[in-house]
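What the coordinates show
Single-letter residue listing:
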Amino acid sequence: MFIDTHAHIYLKDFDDDLDLMLENSQNQGISHIFMPNIDLSTVEQMNVLQNRYPFCHSMIGLHPCHAQENTRGDIKSIEKILSDAPDLYAGIGETGIDFYWDRNFDEAQVFAFEAQIDMAIHSQKPIIIHSRDSLDTTIGIIKKHQKGNLTGIFHCFNGTLSQGNEIIDLGFYLGIGGVITYKNAGVDKVVSELPLTSMVLETDAPYLSPVPYRGKRNECSYLIHTAEKLSELKNVTLEIISLITSRNAKDIFKNSFNQ
Ligand SMILES: [Zn+2]
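Report on the accompanying structure. It should be emphasised that the depicted structure is a prediction, and the values quoted were computed from it without experimental measurement.

In space, the three strands of this open sheet follow the order β1-β2-β3, with parallel pairing throughout. The open sheet has two edge strands, β1 (2-4) and β3 (56-58), and neither has a second partner. Each strand of the sheet is rotated relative to its neighbour by a mean of 15°, with strand direction disregarded. Those strands touched by helix α2 (residues 43-52) are β2 (30-35) and β3, and its axis lies near 145° from that of β3.

Here's what the structure looks like:
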């Protein structure tokens, strides 16, 4: 059994074969899928999917690449969506900081990130963090707000060993995705030196497919390739990877497993 802690399977990329894709993933032992939101336009489709497939769990938030002109208004709307139906959402996100795509909205990104940290603290839900070319800034913001009651996942972790340890010391988990299967990415070596007890698995479908599907649309069933690579890096069996990463995911998303 494996848990995919990060997949955008409500996107149009899956319109033609969602049922088959989910059936394949269940056949591969993927028992639960957690869906981080992107922006206001994706909430409805995500919730339709959660309704139809109870093993798929919605989260609510605003992606940093979509924190642009109307960020304050969008955050107000996201806050209302959460307060109207808090039980619909397993977590807050994805949020964070992205300095890779566009540097014109740095302030808006920080505003949106801090607002979502507040939402996570007040709703006692985990927060899903996206960080690209910004890991020290992102860690710094979490550090500033961590009063002991904030937890979540640094999704698609690809930092250094010391950044990994800082994240763990902050009470957060590392989201391990297809990037660990890429040659020359370097993240495999770092991951091999960090503790499995702070790791969860993710696909980030439809993006970042693991080898041998690199460059193609990612699917939840491909999680198994990342799990196999992690078992190789940590020199433990696939069963141990399944057991520990699933236990970690259940720790993070407690409320989604208590029903
Ligand atoms: Zn994502």
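Right, let's get into the nonpolar core. It is characteristic of soluble globular proteins that their nonpolar side chains tend to be buried jointly. Ile9, Leu22, Ile33, Cys56, Ile127, Ile142 and Phe172 are the most contacted members of the largest nonpolar core, which totals 64 residues. Other than its neighbours up to four places away in sequence, leucine 22 contacts Ile9, Ile33, Tyr53, Phe55 and Cys56.

With that settled, consider the coordination of the zinc ion. Taken together, His6 (NE2), His8 (NE2), Glu94 (OE) and Asp204 (OD) make up the protein donors of the zinc ion, found 2.0 to 2.8 Å from the metal. Geometry at the zinc ion is irregular, judged from the four donor atoms that bind it and their angles of 85 to 176° at the metal. Written as a sequence motif, the donor residues of the zinc ion are H-x1-H-x85-E-x109-D. You can see histidine 8 sitting in the loop between β1 and α1 (18-27) and its partner glutamate 94 sitting in strand β4 (residues 92-98), a full 86 residues away along the chain.

Each value, and the rule that gives it
- Residues numbered from 1 in each chain as written.
- Predicted model: local features only at pLDDT ≥ 70, side-chain atom pairs only at ≥ 80, totals over all residues.
- Heavy atoms only, no water.
- Pairing = 2+ DSSP bridges.
- Helix = DSSP H or I, 4+ residues; strand = E, 2+ residues; numbered from the N terminus.
- Axes fitted to C-alpha atoms, helices over the stretch in contact; angles between N-to-C directions.
- Contact = heavy atoms within 4.5 Å.
- Core = buried A, V, L, I, M, F, W, Y, C linked by side-chain atoms within 4.5 Å.
- Buried < 20%, exposed > 50% of the residue type's maximum accessible area, 1.4 Å probe, protein only.
- Donors = N, O, S within 2.8 Å, 3.2 Å for Na, K, Ca; no water.
- Tetrahedral: all angles 85-135°; square planar, octahedral: opposite > 155°, others 65-115°.

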